[in-house]
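Next come the chains, spelled out residue by residue.
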Amino acid sequence: MSTSPPPEQPVAPEASRERWRQVRDHLNRSRFELTRSAAAGHAPREFAPGGRLLARRHWIPAAPVPLDRVRLRWQEPAPAAPIDGRRPELDAVLPRRADGTPYETYADAVGGLARPRLFENRGCYRLLEVAEDAAVPTLTFGRGRYFDVIDTCEAAAHEYAAAALSAPGGPGPEAGATPFRDVVGDPTDLARRPVLAAVSTLAVRHDRRTGTAEFVLHWRDPAKVASGGGLFQVMPAGMFQASHDAPWNEANDFDLWRSVVRELSEELLGGGEDYGSGTTPIDYDAWPFQRTLASARSAGTLRMYWLGLGVDPLTFVTDLLTVAVFDAELFDEVFARMVADNDEGHRVRLDDGTGHATGIPFTAEQVERLADREPMQPAGAALLQLAWHHRGVLLNRRSEQR
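Everything quoted here is computed from the prediction, not taken from an experiment.

Undergrad: For this particular structure, what's the right way to read the overall build of the protein?
TA: Each helix and strand counted, the protein has 12 helices and 14 strands in total. Whereas a compact globule of 402 residues would reach a radius of gyration of roughly 21 Å, the protein reaches 22 Å, a difference of no more than 12%. With respect to the principal axes defined by its C-alpha atoms, the protein has extents near 85 × 50 × 45 Å. Counting only contacts in the protein whose residues sit at least 6 apart along the sequence, the fraction spanning at least 24 positions is 72%. Approximately 18,100 Å² of the protein is accessible, and the part contributed by carbon and sulfur atoms is 49%.

See the structure below:
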């Protein structure tokens, strides 16, 4: 006589929360190794040059594009995404509250059990489409919310980390161990899930007199940020979003240049995120910092470029890749009081024996070290590799391009 197996006993609420914390800690400690494992599950043709960031072919231009040539479009209303953070496949990722009920979303769990310093469900610009046949890079956006990143991207990474913990020493999670990732399918399919993009900018100080260049590097503190903690990243980097949820900011801040300017102020100078735009839109033309940088762009002492976009193979986070090349004199004037620490982590510097180093030398050795061997966020690694490949254009040394 056959008997059916006994039903699985529900995990006690406290045990489920403790297990969740263990996996979350493993994720933050092991993002680099987990990302490499996740990347191994994709074919080489799916990656941007350098092999760290997933990208469709038309997402990466053949040469740097001046930022003012990138076109943004708005679509309203944004279409519903079939995959979101409330899928039943995520039930196993969600711990239980003291009363035995599960947290509704991954963001709820993060907020209740591992709340970082920065954690606010603000509006974001949701990436809907990247035109495939446009004469210039053309991106379409609609409305989204920041917790869409947490509920899908961080949840998918948590699921992967849990599966990896259950199969230590293997090449990766076993088949069927990551049902949410299986449902998402192609991470570059922008119609399948809500995609909230970050803008990652490689800030370069270029000394025309000596021909040398440096770039600014960030370490993201997992105690301060909800995504990408424990990794190096270019700086500044931040979500593409309005400065405040007040409705008048949606159109006023829907601009890549303005987003980069705000992030430069916040991350390099320690400026706050309160621009008073809860009561009135930012007057960018009247903001001295923005005026200085805009004048520098006109004079050619600051050059802004678009290098494309791509998707993190572990978290599915999407980054828009830009480069800001400052002439050394301008950089030293504008960032004379550059901060060492900010709300998301700290700036990384190499000791050059003079005490004057801004950041990391922009050399083949440092690019290779960070992109290939150090625990760096895939978007930053890809951006460094692309920038080095195009250094002749970016640094106005076309004869060195090869």
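Undergrad: Explain the sheet that holds strand β13 (residues 345–348) to me, please; I cannot follow it from the model alone.
TA: Reading across from one edge, β8-β7-β13-β12 is the order of the 4 strands in this open sheet, with antiparallel pairing throughout. Every interior strand has two partners, whereas the edge strands, β8 (232–234) and β12 (341–342), have only one. Inspection of the sheet shows strand β7 (residues 217–220) paired to β13 by 4 bridges, in the antiparallel sense. Each bridged residue has a counterpart across the sheet, and for leucine 217 the counterpart in β13 is valine 348.

Undergrad: Whenever I open this one, the packing of aromatic side chains confuses me. Can you help?
TA: One pair of aromatic rings is described through two measures. These are the centre distance and the angle between the planes. One pass over the structure, following the stated rule, counts 19 aromatic pairs. Measuring from ring centre to ring centre gives 5.0 Å for tyrosine 125 and phenylalanine 254, while their planes differ by 55°; the resulting arrangement is tilted. Of this pair, tyrosine 125 sits in strand β3 (residues 123–130) while phenylalanine 254 sits in the loop between α6 (249–252) and α7 (256–269); the two residues are 129 residues apart in sequence, bridging distant segments of the chain. This pair shows no difference in class: tyrosine 125 is buried, exactly as phenylalanine 254 is. Here tyrosine 275 and tryptophan 287 contribute two aromatic rings whose centre-to-centre distance is 5.6 Å and whose plane-to-plane angle is 65°, an arrangement assigned as edge-to-face. Remark: tryptophan 287 occurs in the loop between α7 and α8 (288–299) and tyrosine 275 occurs in the loop between α7 and α8; sequence separation between them is 12 residues.

Undergrad: What am I meant to see in unusual backbone geometry here?
TA: Leaving glycine out, the prevailing phi sign among residues is negative, and the prevailing peptide bond configuration is trans. Following glutamate 76, the chain continues into proline 77 via a peptide bond in cis, with omega recorded as -5°. The step from methionine 235 to proline 236 runs through a cis peptide bond, and the omega angle for that step is 10°. Structurally, proline 236 can be placed in the loop between β8 and β9 (237–239).

Undergrad: How should I be thinking about helix α1 (residues 13–29) in this particular structure?
TA: Each α-helix turn comprises 3.6 residues. Residues three or four places apart therefore point the same way. For α1, with 17 residues, the first-to-last C-alpha span of 24 Å sits near the 24 Å given by 1.5 Å per residue. As for α1, its buried residues are in contact with α2 (31–39), α3 (106–113) and α4 (147–166).

Undergrad: I keep staring at the sheet that holds β3 and nothing clicks. Help me out?
TA: As a general point, the strands of a sheet are linked pairwise by backbone hydrogen bonds and lie either parallel or antiparallel. On the basis of which strands lie adjacent, the open sheet formed by 3 strands has the order β2-β4-β3 and mixed pairing. Only two strands of the sheet have a single neighbouring strand rather than two, namely β2 (71–74) and β3. The sheet shows a mean angle of 40° between the axes of neighbouring strands, taken without regard to direction. Note: β2 against strand β4 (residues 138–145), 4 bridges, orientation parallel. Paired with tryptophan 74 across the strands is phenylalanine 141, a residue of β4.

Undergrad: How do you make sense of α2 when you look at a structure like this?
TA: Looking at α2, one finds that the buried residues are Arg31, Phe32, Leu34, Thr35, Ala38 and Ala39. Down the axis, α2 shows its buried residues gathered within 165° of arc, on one side only. Buried positions along α2 lie against α1, α4, α5 (179–184), α10 (364–373) and α11 (378–389).

Undergrad: I keep staring at the nonpolar core and nothing clicks. Help me out?
TA: Side chains that are nonpolar tend, in soluble globular proteins, to be buried together. Among the nonpolar cores identified, the biggest contains 107 residues, and Leu320, Val323 and Phe326 are the most heavily contacted of them. Once residues lying within four places of it in the same chain are set aside, the contact partners of valine 323 are Thr201, Leu202, Val204, Arg303, Met304, Tyr305, Leu307, Leu383, Ala387 and Leu394. The next biggest cluster of nonpolar side chains, apart from the first, holds 10 residues, and it includes Leu27, Ala38, Tyr160 and Ala162.

Undergrad: Looking at this model, I keep getting lost on the packing of α2 against α4. Mind explaining?
TA: Each packed pair of helices is defined by two parameters, the angle between the axes and the distance between the axes. Direction vectors running N to C along α2 and α4 enclose 90°, while the axes themselves pass 11 Å from each other. On the basis of the axis angle, α2 is roughly perpendicular to α4. For the pair α2 and α4, the contacting residues are Arg31, Leu34, Ser37 and Ala38 in the first and Glu154, Tyr160, Ala161 and Ala164 in the second. Tallied by class, residues from the contact of α2 with α4 come to 5 nonpolar, 1 polar and 2 charged.

Undergrad: Just to check I follow, could you spell out the pairing of strand β11 (residues 318–327) for this structure?
TA: Looking down a regular strand, the side chains alternate between one sheet face and the other. Buried residues dominate β11, accounting for 10 of its 10 residues. Direction of pairing for strand β5 (residues 197–207) relative to β11: parallel, over a ladder of 10 bridges. Residue pairing across strands places alanine 197 opposite threonine 318, the latter belonging to β11. In this sheet, β11 lies alongside strand β10 (residues 302–311) in antiparallel orientation, the contact comprising 9 bridges. Residue tryptophan 306 lies in a different strand from β11, and its bridge partner there is threonine 322. As consecutive antiparallel partners, β10 and β11 are separated by 6 residues, and within that stretch phenylalanine 316 has a phi angle of approximately 70°, a positive value.

Undergrad: It is not clear to me how the environment of leucine 383 should be interpreted in this structure. Could you clarify?
TA: Tracing the backbone through its elements, the reader meets leucine 383 in helix α11. As for leucine 383 and glutamine 75, which are separated by 308 residues in sequence, their C-alpha atoms are 28 Å apart. If near-sequence neighbours (up to four positions away) are discounted, leucine 383 is found in contact with Ser200, Thr201, Leu202, Val234, Leu307, Leu321, Thr322 and Val323.

Undergrad: Where do I start with the packing of α1 against α3 in this structure?
TA: Here α1 crosses α3 at 95°, and the two axes come no closer than 12 Å. Relative to α3, the element α1 lies roughly perpendicular. On α3, the residues that touch Arg17, Trp20, Arg21 and Arg24 of α1 are Tyr106, Ala109, Val110 and Leu113. When grouped by side-chain class, the residues that make up the contact of α1 with α3 number 5 nonpolar, no polar and 3 charged.

How each quantity is defined
Residues numbered from 1 in each chain as written. Predicted model: local features only at pLDDT ≥ 70, side-chain atom pairs only at ≥ 80, totals over all residues. Heavy atoms only, no water. Helix = DSSP H or I, 4+ residues; strand = E, 2+ residues; numbered from the N terminus. Rg over C-alpha atoms; globule rule 2.2 N^0.38 Å. Contact = heavy atoms within 4.5 Å. Areas by Shrake-Rupley, 256 points an atom, 1.4 Å probe, with all protein chains shown as cover. Pairing = 2+ DSSP bridges. Phe/Tyr/Trp six-rings, centres within 6.5 Å; stacked < 30°, edge-to-face > 60°. Buried < 20%, exposed > 50% of the residue type's maximum accessible area, 1.4 Å probe, protein only. Expected span 1.5 Å × (residues − 1). Axes fitted to C-alpha atoms, helices over the stretch in contact; angles between N-to-C directions. Arc of directions from axis to C-beta. Core = buried A, V, L, I, M, F, W, Y, C linked by side-chain atoms within 4.5 Å. Parallel < 35°, antiparallel > 145°, perpendicular 65-115°, else oblique. Nonpolar A, V, L, I, M, F, W, Y, C, P; charged D, E, K, R; others polar.

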